[in-house]
Amino acid sequence: MTTPRISTVMWPMRSWPEAGELWRRAEDLGFRHAWVYDHIAWRGATPWYDAYTTLAAAAAVTSRVRIGTMVTSPNFRHPVPTAHAVRTVDHVSGGRLTVGIGAGGLRRTSDAGVLGGADWTPRERASRFAEWVELLDLLLRGPETTFEGTYYSAREVVQDPGCVQRPRVPFVIAANGPRGMRVAARHGDAWVTTGAAEGTGPQDAVRSRLAALDAACQAEGREIPERILLTGFSDEPWLASPGSFADLAGRYAELGVTEIVLHWPRPGTPFEADTAVFEAIAAEHGGGR
């Protein structure tokens, strides 16, 4: 059993000079990844700055910590301009970008439906997700892509010189259901879940989902060694104390989780926590790559 690495979610809500200091602090604390949510206004919170623009700025003021989206949303992004942004940030960061991708949230206060049109059914959302990931994968492998799908298309898109990381930047796929697991198994370099599940404890939920992921990977003939847990969406006391964190991290390591993601403390919200405890956990369990 290997102790999971730890990462953090950064809130893209501060003006840049102040935000830049926090990104540098995240690097100094030794986090493996510093992630940012990709929304228009997450659950209605404003200001909420653009994820990829924020990552480009963060890349310019850091040099060691990996950066990425947790996760990129197909609700308002098309794969073609997304691939262009991904390639750019990968170059600015010197190959430190990881791209998380999910099916997109359901809340209009975040970004669902902001482009207009009819609401997506669960089936359509799952189909769009699969096609979106497939096209982004093709675009980033390049050097030229033409694609005609049910929902997305691309015509003679040139991605040259390609990503710094080869054959492309790593994908972290957020998935819990059967179709999403197949997408993860086919295209993912890592997988992420929150552990939140109605009527089921978070550890039982993660155990079940890991088994489903293993089955999907076996069917695809691939392995996904990186399994990430995004905390903060259950009642588990991750940031109550360094000891509490260590106990929970050990339990999830036994299940097969390789990375734990903590939210940067945000006062006045469900993500409020003692910053001293947060930094003590990072000092004890951090270590970057």
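Since this is a predicted model, take the numbers as computed values, not measurements.

Caption draft 1: How the structure looks around the layout of surface pockets. Size it by volume and the largest pocket reaches roughly 1000 Å³. Where the lining of the largest pocket is concerned, the elements lending two or more residues are strand S3 (66-72), helix H4 (122-141), helix H5 (178-187) and strand S8 (190-193).

Caption draft 2: A look at the pattern of salt bridges. Inspection of every chain in the model, using the stated rule, returns 17 salt bridges. With its nearest N and O atoms 2.7 Å apart, the salt bridge here joins Arg227 to Asp214. Here Asp214 lies in helix H6 (residues 202-220) and Arg227 lies in strand S9 (residues 226-230), a separation of 13 residues in the sequence. Note on Arg227: relative accessible area 12%, which makes it buried. A single salt-bridge network, built from bridges that share partners, covers Asp137, Arg141, Arg168 and Asp189.

Caption draft 3: Structural detail: the pairing of strand S1 (residues 5-10). For S1, the buried fraction is high: five of the six residues fall into the buried class. Alignment of S1 against strand S10 (residues 259-263), held across five bridges, turns out to be parallel. The partner of Ile6 across the bridge, within S10, is Ile260. Of the strand pairs in this sheet, S1 and strand S2 (residues 33-36) are connected by three bridges, and their pairing is parallel. The partner of Met10 across the bridge, within S2, is Val36. Each parallel crossover has a hand, and the one from S1 via helix H1 (residues 16-28) to S2 is right-handed.

Caption draft 4: Representation of the side chain of Thr98. In this fold, Thr98 is placed in strand S4 (residues 97-101). One polar contact links Thr98 to His33, side chain to side chain, over a distance of 3.1 Å.

Caption draft 5: Molecular detail of the packing of aromatic side chains. Following the criterion strictly, the structure yields twelve aromatic pairs and no others. Between Phe31 and Phe278, the aromatic rings sit 5.5 Å apart at their centres with planes inclined by 35°, giving tilted as the arrangement. In this pair, Phe31 sits in the loop between H1 and S2 while Phe278 sits in helix H8 (residues 275-285), placing the two residues 247 residues apart along the sequence. The same class applies to Phe31 and to Phe278, which are both buried. Among the aromatic residues, those joined into a ring-pair cluster are Trp11, Tyr37, Trp42, Trp48, Phe233 and Phe271.

Caption draft 6: Spatial organisation of the nonpolar core. Counting residues in each nonpolar core, the largest one holds 79 residues, and the members touching the most others are Ile101, Phe171, Ile173, Trp238 and Ile260. Here this core takes seven residues from H4, the largest share from any one element. Sequence-distant contacts of Ile260, that is, excluding residues within four places in its chain, are made with Pro4, Arg5, Ile6, Ser7, Leu229, Thr231, Trp238, Phe245 and Tyr252.

Caption draft 7: How the structure looks around the side chain of Arg96. Structurally, the position occupied by Arg96 is in the loop between helix H3 (79-92) and S4. Buried and without a salt bridge, Arg96 has Glu27 as its closest oppositely charged side chain, separated by 4.4 Å. A distance of 3.0 Å separates the side chain of Arg96 from the backbone oxygen of Ala59, its partner in a polar contact.

Caption draft 8: View of helix H7 (residues 242-255). For H7, which comprises 14 residues, the first-to-last C-alpha distance of 20 Å matches the rise-based estimate of 20 Å (1.5 Å per residue) to within 8%. Listing the buried residues of H7 in full gives Ser244, Phe245, Leu248, Ala249, Tyr252 and Ala253. The buried side chains of H7 occupy one side of the element, clustering within an arc of 165° when seen end-on. Its buried side turned inward, H7 meets S1, H6, S9, S10 and H8.

Caption draft 9: Representation of unusual backbone geometry in the model. Put simply, Met70 and Val71 share a cis peptide bond, and its omega is 0°. Assignment of secondary structure puts Val71 in strand S3. Residue Pro143 is reached from Gly142 by a cis peptide bond, and omega for that bond is 5°. Mapped onto the secondary structure, Pro143 falls in the loop between H4 and strand S5 (144-148). Here the phi dihedral of Arg43 falls at roughly 55°; this positive angle occurs in a residue that is not glycine. Here Arg43 shows up in the loop between S2 and helix H2 (51-61). Non-glycine residue Glu156 carries a positive phi angle of around 50°. The residue Glu156 is located in strand S6 (residues 153-158) in this model.

The rules behind each value
- Residues numbered from 1 in each chain as written.
- Predicted model: local features only at pLDDT ≥ 70, side-chain atom pairs only at ≥ 80, totals over all residues.
- Heavy atoms only, no water.
- 1 Å grid on protein atoms, 1.4 Å probe; cavity = no way out; pocket = protein on both sides within 12 Å on 5 of 7 lines; lining within 4 Å.
- Points joined across faces, edges and corners; volume = space filled by probe spheres on them.
- Helix = DSSP H or I, 4+ residues; strand = E, 2+ residues; numbered from the N terminus.
- Salt bridge = Lys/Arg side-chain N within 4 Å of Asp/Glu carboxyl O.
- Buried < 20%, exposed > 50% of the residue type's maximum accessible area, 1.4 Å probe, protein only.
- Pairing = 2+ DSSP bridges.
- Right-handed = clockwise from strand over helix to strand, strands pointing away.
- Polar contact = N/O pair within 3.5 Å; in protein donor to acceptor, adjacent residues only side chain to side chain.
- Phe/Tyr/Trp six-rings, centres within 6.5 Å; stacked < 30°, edge-to-face > 60°.
- Core = buried A, V, L, I, M, F, W, Y, C linked by side-chain atoms within 4.5 Å.
- Contact = heavy atoms within 4.5 Å.
- Lys, Arg positive; Asp, Glu negative; His and termini not counted.
- Expected span 1.5 Å × (residues − 1).
- Arc of directions from axis to C-beta.

Shape is all these values report; function is a separate question.
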